[in-house]
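Listed below are the residues making up each chain.
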Amino acid sequence: MTLREYILFWQETYDRHQSRPTTYAAHNYVFKNHILPGLGDVLLSELTSERVGEFLEERKHFGNHRPGSSGLGEETMRHIHRLLQQCLDQAIRDGLLTENPAKAFRYRKSTTVKANIMTPLEMEDYLDAAERLGYLPMFMLALTTGLRQGELIALKWSDLDIEKRTLTIAENRAVVRRELVEYGSQTRSIRLTPEVVDLLIMEHSKHPSSPLMFMHPATLKPYSPQMVRRMHNEIIKEAGIDHIRYVDLRHTCAILALKNGMDAKELAQMLGHYRPTITRQNYGPYLPHKVQNEDLPNETTQSELQQAANILDNLLKL
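Per-chain numbering applies: the sequence of each chain, read as written, is numbered from 1 onward. The predicted origin of the model limits local features to residues at a pLDDT of at least 70 and limits the giving and counting of side-chain atom pairs to 80 or more, whereas totals for whole chains, interfaces and linings rest on all residues. As a convention, hydrogens and water are excluded, and side-chain values are obtained from all of the structure's heavy atoms.

Caption draft 1: Inspection of helix α1 (residues 3-18) at higher detail. Take the seven residues that end at a residue and the seven that start at it, fit an axis to each, and the angle between those axes is the bend at that residue. Only DSSP runs of H or I reaching four residues or more are called helices, and only runs of E reaching two or more are called strands; each is numbered from the N terminus. Roughly 45 degrees is the biggest bend found in α1, and it falls at Gln-11. Inspection of α1 places Leu-3, Tyr-6, Ile-7, Trp-10, Gln-11, Tyr-14 and Asp-15 among the buried residues, and these make up the whole buried set. Whether two residues touch is decided by their heavy atoms; if any such pair falls within 4.5 Å, the residues are in contact. Those residues of α1 that are buried lie in contact with α2 (21-39) and α4 (74-93). For every residue, the accessible area (1.4 Å probe, protein chains only) is compared with the maximum for its type, and the residue is labelled buried under 20%, exposed over 50%, or partly exposed between those bounds.

Caption draft 2: How the structure looks around the packing of aromatic side chains. Between the rings of Phe, Tyr and Trp (Trp by its six-membered ring), a pair exists once the centres lie within 6.5 Å; its type follows the angle of the planes, with under 30 degrees stacked, over 60 edge-to-face, and the other angles tilted. With the rule as written, the count across this model stands at 6 aromatic pairs. Aromatic side chains Phe-9 and Tyr-14 sit 6.0 Å apart centroid to centroid with 85 degrees between the ring planes, which places their arrangement in the edge-to-face category. Ring centres of Phe-139 and Tyr-246 lie 6.5 Å apart, and the angle between their planes is 75 degrees; this geometry places the pair in the edge-to-face category. Taken together, the residues Phe-139 in helix α6 (residues 136-145) and Tyr-246 in helix α10 (residues 246-259) connect sequence positions 107 residues apart. Taken individually, Phe-139 and Tyr-246 each receive the classification buried, so the pair is uniform in this respect.

Caption draft 3: Quick peek at the environment of Arg-16. For Arg-16, the position within the fold is in helix α1. What makes Arg-16 partly exposed here is its relative accessible area of 41%. In the structure, Arg-16 is positioned 11 residues away from His-27 in sequence and 9.9 Å away in space, judged by C-alpha atoms. Look past the residues within four positions of Arg-16 in its chain and what remains in contact with it is Gln-11 and Tyr-24.

Caption draft 4: Up close: the packing of helix α5 (residues 120-133) against α6. The axes are straight lines fitted to the C-alpha atoms, using for helices just the contacting stretch, and the angles between their N-to-C directions are given from 0 to 180°. Contact geometry of α5 with α6 gives a least axis separation of 8 Å together with a crossing angle of 155 degrees. As summarised for this structure, α5 and α6 are arranged roughly antiparallel, according to the angle between their axes. In the crossing of α5 with α6, the sense of the turn from one axis to the other is right-handed. Along its contact with α5, which presents Met-123, Tyr-126, Leu-127, Ala-130 and Glu-131, the element α6 presents Leu-136, Phe-139, Met-140 and Leu-143. Angular relationships are summarised with four words: roughly parallel below 35 degrees, roughly antiparallel beyond 145, roughly perpendicular across 65 to 115, and oblique for the angles in between. By definition, any crossing whose near helix is turned counterclockwise from its far helix by less than a right angle is left-handed, and any crossing with a clockwise turn is right-handed.

Caption draft 5: The arrangement of the side chain of Arg-173 in detail. On the secondary structure map, Arg-173 appears in strand β3 (residues 173-176). Side chain to side chain, Arg-173 and Asp-159 meet in a polar contact 2.8 Å long. Two N or O atoms count as a polar contact when they lie within 3.5 Å, although within protein this holds only if one can serve as hydrogen donor and the other as acceptor, and sequence-adjacent residues are included solely when both atoms are side-chain atoms. A distance of 2.7 Å separates polar atoms of two side chains, one belonging to Arg-173 and the other to Glu-182. Excluding anything up to four places from it in sequence, Arg-173 contacts Ala-154, Leu-155, Lys-156, Asp-159, Leu-180, Val-181, Glu-182 and Tyr-183.

Caption draft 6: The arrangement of the pairing of strand β2 (residues 166-170) in detail. Counting buried positions along β2 yields 4 of 5 residues, so the element is predominantly enclosed. Note on pairing: DSSP must find at least two bridges between two strands before they are called paired. In terms of strand pairing, strand β1 (residues 160-161) meets β2 through 2 bridges, oriented antiparallel. By the bridge assignment, Asp-161 is partnered in β2 with Thr-166. A loop of 4 residues connects β1 with β2, the two strands running antiparallel in sequence, and Arg-165 in this loop sits at a positive phi of about 55 degrees.

Right under this line is the structure:
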């Protein structure tokens, strides 16, 4: 049996039923674009640590298909290595291998997030631009709650409790091919400000018959991740802050919440981290007692962080 044949079996037998749809799609991309072209035709019985090492080295230096680029970054290499190792671990359990040839290699785990923390002016410019473009409810919600992109586009109107000003996040709901897919019942609850609730009510009035909180006006379906990125790019272009990524809304919310006194356990619950240790690992360097002016990204000063924290505090006050 070749590795390609086993990977196809592993995807259908294990991965499809054990992973979120978005995770399954991401795995499929890594297999299709990296692992299968380099190792797919190798027999499992001939897959040695030397062969895997040659493959990983080739991907590291020549695996980037973008024009003008050559190698792959450390994070991408970790994804490739981890997925290959995960698949081959199952091959051992299936009795097809006696040892995992990918385990001879190690990639350093990232210990901190790379974050562009928005300054007070950037936050205001971002929200003003979102309002001018008609996107304010969605992106105000993203900035003040730290919702992941996939969570944002999968929200339903029924997730909002107006009286309690809470939003229930269905952690096992996703948008797949512009349709909502439910594959579990795990949820978490987030408190919202009156201002955000009012904005969401205004958003709902645009399409009162739809169960979706945010709906593409042309298709009447959920937004795709690509469309959210396009909207975000319109906002940062309008605001003149091209360095801010969508994920930086989440990072800004998290870091300023910590700066404003929220403890790691509460923040972990808000962000949907399984353990507070993940939150401390990701954002520990930005905790108040560790912040040093010379270490802050984008030359953000301690004073600016406090200003931004105060802005976020005003947005989050209940």
